[in-house]
Amino acid sequence: MTETGNLQNDIPRETSIALGEASLESILCTEELYRRPSRPPHHEKENRALVALVSALADSPTTILQALARTILEITQADSAGRGLLATEDDGRPYEKEFIRKDGTPVVVGGALFETGGNEGVAFVLELREQKRAEEARERLRQAQAEIEHMTRVMTMGQIAASIAHEVNQPLSGIVTNASTCLRMLDANPPNLEGARETARRTIRDGHRASEVIMRLRALFSKKSVSFERFDLNEAAKEVIALSASELQRNRVILQLDLAADLPPVWGDRIQIEQVILNLLKNGCDAMRNVDDRPRELLIKTERDEEGGALLSVKDKGVGVVPQIEQKLFEAFYTTKGDGMGIGLSVSRSIIESHHGRLWAVRNEGPGSTFLFSIPSSTNT
Amino acid sequence: MRSQDGRSTFHHPLVAIVDDDESVRESLPDLLEELAFDVRAFPSAAEFLVSGSFSQTKCLLLDIAMPGMTGFDLQQELKARGQSIPIVFITAQRDDTVRRLALERGAKGFLLKPFSDTALLRALNEALGLD
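Residues numbered from 1 in each chain as written. Chains lettered and ligands numbered in written order. Predicted model: local features only at pLDDT ≥ 70, side-chain atom pairs only at ≥ 80, totals over all residues.

Please provide a residue-by-residue account of the overall build of chain A, values included.
When you go through chain A residue by residue, the secondary structure sums to eleven helices and eleven strands. Expressed as a percentage of its 381 residues, the buried residues of chain A come to 37%. Nonlocal contacts in chain A, meaning residues at least 24 apart in sequence, comprise 70% of its contacts between residues at least 6 apart. (Helix = DSSP H or I, 4+ residues; strand = E, 2+ residues; numbered from the N terminus. Buried ≥ 20, exposed ≤ 12 C-beta atoms within 10 Å, placed from the backbone. Contact = placed C-beta atoms within 7 Å.)

Which residues make up the overall build of chain B, and what values do they have?
What chain B contains, in helices and strands, is five helices and five strands. Shown N-terminal to C-terminal, the secondary structure of chain B runs as helices and strands in the order β-α-β-α-β-α-β-α-β-α. Counting all 131 residues of chain B, 37% fall into the buried class. Partitioning the contacts of chain B with sequence separation of at least 6, the portion at a separation of at least 24 is 59%.

Explain the interface of chain B and chain A to me, and be specific about the residues and the numbers.
Each partner contributes residues to the interface: chain B has 19 residues there, and chain A has 20 residues. Ranked by residues supplied to the side of chain B that touches chain A, first place goes to helix α1 (residues 22–34) of chain B with six residues.

Go over unusual backbone geometry with me, naming the residues and quoting the values.
Of the consecutive residues Asn189 of chain A and Pro190 of chain A, the connecting peptide bond is found in the cis state with omega at 5°. By the secondary structure assignment, Pro190 of chain A is in the loop between α5 (157–187) and α6 (193–221). Put simply, Lys113 of chain B and Pro114 of chain B share a cis peptide bond, and its omega is -5°. Located in the positive-phi region is His356 of chain A, a residue other than glycine, with phi close to 60°. Following the sequence through the fold, His356 of chain A ends up in the loop between α11 (343–354) and β10 (358–363). The class of His356 of chain A is partly exposed, set by 14 C-beta atoms lying within 10 Å. Backbone geometry at Ala36 of chain B places phi at a positive 75°, although glycine is not the residue there. Residue classification places Ala36 of chain B among the exposed positions, given that 12 C-beta atoms sit within 10 Å.

Any details on the sheet that holds strand β11 (residues 369–375) of chain A? Residues and values, ideally.
Residues and elements named next belong to chain A. With mixed pairing, the five strands of this open sheet are ordered in space as β6-β8-β9-β11-β10. For this open sheet the edge positions go to β6 (254–259) and β10, each flanked by a neighbour on one side alone. Each strand of the sheet is rotated relative to its neighbour by a mean of 15°, with strand direction disregarded. Two elements, strand β9 (residues 310–315) and β11, share six bridges in a ladder whose sense is antiparallel. By the bridge assignment for β11, Lys315 is matched with Thr370. Here helix α7 (residues 233–243) sits on the sheet and contacts β6, β8 (297–304) and β9; the angle it forms with β8, its principal contact strand, is near 160°. (Pairing = 2+ DSSP bridges. Axes fitted to C-alpha atoms, helices over the stretch in contact; angles between N-to-C directions.)

Break down α1 of chain B for me, with residues and values.
The sharpest bend along α1 of chain B measures roughly 25° and falls at Leu28 of chain B, with the proline Pro29 of chain B sitting one to four residues further on. By the criterion of burial, α1 of chain B is predominantly enclosed, with ten of the 13 residues buried. (Bend = angle between axes of the 7 residues up to and from the residue.)

Describe the confidence of the model for chain A, with residues and values.
Averaged over all residues, the pLDDT of chain A is 72; the fraction at 70 or higher stands at 59%. Across residues 55–59 of chain A, where pLDDT falls below 50, the model places 16 contacts with residues more than four positions away in sequence or in other chains. (pLDDT = per-residue confidence, 0-100.)

Before we move on, can you summarise the pairing of β8 of chain A with the specific residues and values?
Residue and element names in this part refer to chain A. Here β6 pairs with β8 via six bridges, running parallel. Paired with Gln256 across the strands is Leu299, a residue of β8. As paired elements, β8 and β9 share six bridges and run antiparallel to each other. Residue pairing for β9: Leu299 is matched across the bridge by Lys315. A loop of five residues connects β8 with β9, the two strands running antiparallel in sequence, and Gly308 in this loop sits at a positive phi of about 85°.

Pulling in residues and values, what's your account of the sheet that holds strand β5 (residues 109–112) of chain B?
Residues and elements named next belong to chain B. Across the sheet, which stays open at both edges, the five strands sit in the order β2-β1-β3-β4-β5 with parallel pairing between neighbours. Looking at strand neighbours, the two that pair on one side only are β2 (38–42) and β5, the edges of this open sheet. Neighbour-to-neighbour, the strand axes of the sheet open up by a mean angle of 20°, direction not taken into account. Pairing analysis gives five bridges linking strand β1 (residues 14–18) to β2, with the strands arranged parallel. In the sheet register, Leu14 faces β2, and the bridge partner there is Asp38. Against the sheet, helix α3 (residues 71–80) touches β1, β3 (57–63) and β4 (87–91), its axis set at about 150° to β3. Relative to the sheet, helix α5 (residues 117–128) contacts β1, β3, β4 and β5, its axis offset from that of β5 by approximately 165°.

Hey, could you go over the pairing of β1 of chain B for me, with residue numbers and the actual values?
All names here are of chain B. Burial analysis of β1 places four of its five residues in the buried class, the great majority of the element. Judged from the five bridges that link them, β1 and β3 form a sheet pairing that is parallel. When the sheet's bridge partners are listed, Leu14 is paired in β3 with Thr57. In this fold, the crossover linking β1 to β2 by way of α1 has right-handed handedness. (Right-handed = clockwise from strand over helix to strand, strands pointing away.)

Encoded structure:
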């Protein structure tokens, strides 16, 4: 058992599961639990780095407790880890307790059931030292994020399905109306053949529209390996806008575009960047959901930035972001929304960073916020 | 596309459509004409208000989610102006609370897009008291 920094090595091998292997549900559930802390955090100012998951899928909570007890005994100074030390709360909220590791540093060990009365749960170990940046821990988190990034496209099937439904509803409505008209025109006395032809043509046209939208949305949401190419950020923005037109319309959002004509081409994965743009667009839209006293204007702007790269900004006129949570927005899994997992901004930021760019937010002078990202042009990579 | 004129307005009640969706304004008027209505289509509530066709409009097919003045806003405005044109809302929003709200505020009908021609006819006849 090592005494130096690497917590990962301290976990007894039979109870430790690398984050890449841990079931994704356990990662997500743990983060879910941490979004709704059952008690005030012990150390509000300290980084709580999720260093390791000791995941126990068992047919009884006892297994989780056993894994925890073993962990406590092996890495902390506690010399007994009786059941009383770490009983999980009945309502499934996470229970955590601070221990002192053998090297004297504080550590938090805890566990929780995924649901009240359920059997599956997760045990976890948290590093409390603010400065601690174990390379292995960061690597694990990066791996987990990559998995989650993939899962975002798959786990939020409900959101993807809703998106597609919104966008095809318009052509579908056109199809039903035009075909209904067509039948009536054929039943008229005498039949209105020219009218029937025209409505049948519109029906076919709308069918193609629907099919194309579905195809483009699926391309946007599909997982594929990252492939970098040279592309135009303006075109990427227009594609995303075209694919969310109905939803923007449904939310009464007035879109304004200010796309720079001299924008340099960029180097990156176009689909990933489009996902980031979509994320920012949806956030801007959501921010204005309850705005009724002013037009719901969303401004998408591109421009050349100081380093010669491309900068894209999405400015809304929503309720804005309170300064205290401005930074938290980018933390993995932080969300103020009831639905999704709030992964969007965190994943968006890592996508942009993997493009050697930056993603950040500023408060507007008027109402609302502006989210911006810049990525280098294809000439200076 | 429109059939010949020479019909009295009594037998072909004037229906106004207010919807910012171009595809609706393209397809719905033809269907309404096949159903023996006269039609005028407007891309916004504001345009309907300045059109001055209130007295002839026998029924209003109204979208809800529109930028600027919404369908509910227009309903409110018409009430404020003492206009009692029967309103049938047409919307893609599958939200029960929206439906309830619309009916509470005196709408004569509520149709979810896409709607069949029979549902449309039924709603119009009910709104016009022709059933």
